[in-house]
Amino acid sequence: MKTPKSALPDLTTLTKRLAAGLHAAAGNGNAVKVLKRTRPRFMSTFPNEIVTCRWPGGRRRRVFIKYGADRTHSAWGHRGDVAYEAEVYQRVLRPLLEFRPRCLGAHTYPATGETALFLEYADRCAPVSKVSWNRGVCKPRPMLQTARWLAQFHARQERRVDEPSLAFLKRYDARYYRGWARRMFDFARPLQSRFPWLAQLAACGDAWFAPLLPAARTVIHGECDAKTVLVRGQTLFLLDWESAAIAPGEIDLAMLTDGAGWPAELVRRCADNYQRARWPGGAPAGFHRTLAAARAYVQFRWLGDRPEKTLREKTFWRYDRLRTAVTKLGLI
């Protein structure tokens, strides 16, 4: 379903917001002329549109705009809103000159407090999930490239986690992890006979996330699956940063390789590429336990989101992944 036109600003308001939000990118507040407005085929969570503009000097450029409106999908505090994502782009990602898509600016509308985020439009791209796994053929290069990019990003951001400029980021702690497990166990009560080992795992309490607490913290994307990363040639575009947080980087790696269809060899190679890129001198001794805990967290995260996700049979493969992860931790 497309974004309804009623959720988008009128032309006059849009033009004013572009002039304010693209203050630096377009030339210190000079007028930006709107040439065309296109609504993508899918609205996603937030209203959005692609606007073709003529910038001062005659240059044409397409801008992807995401509007905060009054919508939210916080997922028990896991995700932020568009204003939060704009902060991530401006404080975390803007200093990375090679990062795509580039943030062109943001604007908060005084009348409503709603934030609009302006990004370069990532055209002629395809999701890594489609490029790496298409028509039954697995092409590992985009997945391995993404694993290396994440590793380098995490290594760089690890040095910044205590900077005052990043104090706005969510931070995963014991209460956060415990909440996902408690919701999942509560939602999964009707499945106890089908998955009797869940009772044994529940009796282990907080042991499943213990390896995550002492692990090195960095800035993570938070929901970096293979559908969120786009690829065009050799260039990666990482979208949707509203779940960015301070947490172990292994969580992003676990998210990237999550899914029912990825070959085990590709998952292993992604982990190897991540280790070599993040720690050229050798990974920490506890890396594999941390990664197992991160993989357990990913399953708790999705199964503990809403009861319908917990109980529908097409996601039962996640219970198998959860059992594999906690078995590696020696819990069942």
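That block above? That's the structure.
This report concerns the structure included in the present document.

**Regarding the overall build of the chain**
Each helix and strand in the chain was counted, giving eleven helices and 13 strands. The globule rule puts the C-alpha radius of gyration for 332 residues at 20 Å, and the 21 Å found for the chain is close to it. Principal-axis analysis of the C-alpha atoms places the extent of the chain at approximately 65 × 45 × 45 Å. When the 332 residues of the chain are sorted by exposure, 52% land in the buried category. Pairs at least 24 apart in sequence give 72% of the contacts found in the chain among residues at least 6 apart. Considering the chain, the positive charge centre built from 56 side chains and the negative charge centre built from 29 side chains are found 6 Å apart.

**Some points on the pairing of strand β11 (residues 229-232)**
Sheet analysis places strand β6 (residues 126-127) next to β11, joined by two bridges and oriented antiparallel. Bridging from a neighbouring strand, A126 pairs with V231 of β11. Here β11 pairs with strand β12 (residues 235-238) via four bridges, running antiparallel. Considered in β12, the bridge of V229 is made with L238. As consecutive antiparallel partners, β11 and β12 are separated by two residues, and within that stretch G233 has a phi angle of approximately 65 degrees, a positive value.

**Here we look at the side chain of D252**
Here D252 is to be found in helix α7 (residues 250-256). Buried charge D252 goes without a salt bridge, the closest partner of opposite sign being R278 at 8.5 Å. Within polar-contact distance, the side chain of D252 engages the side chain of H154 at 2.9 Å. Excluding its chain neighbours within four sequence positions, the residues that come into contact with D252 are L150, H154, I220, H221, G222 and C224.

**Quick look at helix α4 (residues 141-158)**
End to end, α4 covers 26 Å across 18 residues, agreeing with the expected 26 Å (1.5 Å per residue, within 8%). Looking only at α4, the buried set comprises P142, M143, L144, Q145, T146, A147, W149, L150, A151, F153, H154 and Q157.

**Notes on the nonpolar core**
The biggest cluster of nonpolar side chains holds 84 residues, and the ones touching the most others in it are Y177, W208, W241, Y297 and Y319. Among the elements that line this core, the one with the most residues is helix α9 (residues 287-303), at eleven residues. Here W241 is in contact with Y84, E85, V88, Y89, L93, F99, W149, F153, I220 and H221, once residues within four sequence places are set aside.

**Regarding the side chain of Q157**
Within the fold, Q157 resides in helix α4. Given a relative accessible area of 1%, Q157 falls into the buried group.

Thresholds applied
Residues numbered from 1 in each chain as written. Predicted model: local features only at pLDDT ≥ 70, side-chain atom pairs only at ≥ 80, totals over all residues. Heavy atoms only, no water. Helix = DSSP H or I, 4+ residues; strand = E, 2+ residues; numbered from the N terminus. Rg over C-alpha atoms; globule rule 2.2 N^0.38 Å. Buried < 20%, exposed > 50% of the residue type's maximum accessible area, 1.4 Å probe, protein only. Contact = heavy atoms within 4.5 Å. Lys, Arg positive; Asp, Glu negative; His and termini not counted. Charge placed at Lys NZ, Arg CZ, Asp CG, Glu CD. Pairing = 2+ DSSP bridges. Salt bridge = Lys/Arg side-chain N within 4 Å of Asp/Glu carboxyl O. Polar contact = N/O pair within 3.5 Å; in protein donor to acceptor, adjacent residues only side chain to side chain. Expected span 1.5 Å × (residues − 1). Core = buried A, V, L, I, M, F, W, Y, C linked by side-chain atoms within 4.5 Å.

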